[in-house]
Amino acid sequence: MRVKLKDIKKNIMHVLGGTILTEDFFLKNTRFMLVVFIIMVLYISNRYSCISKMAEIESLKRELKDVKYESLTISSDLTGISRQTQVQTLIDQNDLKLMTPSVPAFKLGKQK
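Please read all numbers here as calculations on a predicted model, not as lab measurements.

> Looking at this model, I keep getting lost on the overall build of the chain. Mind explaining?
Within the chain one finds 4 helices and 0 strands. Mapped from its N terminus to its C terminus, the chain presents α and β elements in the order α-α-α-α. Relative to the globule expectation of 13 Å for 112 residues, the C-alpha radius of gyration of the chain, 40 Å, shows a markedly less compact shape. Principal-axis analysis of the C-alpha atoms gives the chain an extent of 110 × 45 × 25 Å.

> I tried to follow a nonpolar patch on the surface on my own but got confused; where do I start?
A cluster of nonpolar side chains, namely Val 3, Leu 5, Ile 8, Ile 12, Val 15 and Leu 16, defines an oily patch on the protein surface of about 610 Å² accessible area. Following the sequence through the fold, Ile 12 ends up in helix α1 (residues 5-17).

> Just to check I follow, could you spell out the confidence of the model for the chain for this structure?
The predicted structure's coordinates, where accompanied by low pLDDT, should not be read in detail. Residues at a pLDDT of 70 or more form 98% of the chain, whose mean pLDDT is 87. Between the elements of the chain, mean pLDDT differs from a low of 79, seen in helix α2 (residues 24-28), to a high of 95, seen in helix α3 (residues 30-81).

> In this structure, what is going on with the environment of Ile 38? I would like to understand it.
Mapped onto the elements of the fold, Ile 38 is located in helix α3. Here Ile 38 falls in the partly exposed class, since its relative accessible area comes to 42%. Separated by 42 residues in sequence, Ile 38 and Gly 80 have C-alpha atoms that sit 63 Å apart.

> Where do I start with unusual backbone geometry in this structure?
In most cases, non-glycine residues show a negative phi, while peptide bonds are predominantly trans. Positive phi is not limited to glycine here, since Asp 95 has a value of about 55°. Inspection of the secondary structure puts Asp 95 in the segment after α4 (84-93). Accessibility expressed as a relative area gives 65% for Asp 95, which makes it exposed.

Definitions and cut-offs
The residue numbers shown here count from 1 along each chain, following its written sequence. Confidence filtering applies because this is a predicted model: local features only for residues at pLDDT of at least 70, side-chain atom pairs given and counted only at 80 or more, and all residues used for totals across whole chains, interfaces and linings. The basis for every side-chain value is the complete set of non-hydrogen atoms in the structure, without hydrogens or water. We count a stretch as a helix when DSSP gives it H or I for four or more residues in a row; a strand needs E for two or more, and each element gets its number in order from the N terminus. Radius of gyration here uses only the C-alpha atoms, and the compact-globule reference equals 2.2 Å multiplied by the residue count raised to the power 0.38. Exposure above 30% relative accessible area and the absence of a salt bridge qualify a residue for a patch, where like charges join within 9 Å and nonpolar side chains (Val, Leu, Ile, Met, Phe, Trp, Tyr) within 5 Å. Here the Shrake-Rupley method, with its probe set to 1.4 Å, supplies the accessible areas, and only the displayed protein chains count as covering residues. A pair is scored as a salt bridge if a Lys or Arg side-chain nitrogen falls within 4 Å of a carboxyl oxygen belonging to Asp or Glu. pLDDT expresses, on a scale from 0 to 100, how confident the predictor is about each individual residue. Working definition: with a 1.4 Å probe on protein chains only, accessible area under 20% of the residue-type maximum means buried, over 50% means exposed, and in between means partly exposed.

In structure tokens:
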């Protein structure tokens, strides 16, 4: 059972030359191999699509986190600016003729 160099060269040329595709085994199973090839292509394209969607989801998560922090910063700035002492300081700086009421606000209700 010794393999000769000529047999190896002959087998390589048989595969590379394409004559292996004309054998009975390949001719009988052409449909099966075509279905396997289509399934492989679909699997690869599905995986690529899944990976790209996952990358997009991660990107959107990072963007959402950034927007939340920005919203929190803006909200805290607005809270600081709208304090009564800050409003009074801005009124005094802009020389507006507004005064703080000395009588507290009250609610008008219905008479019974």
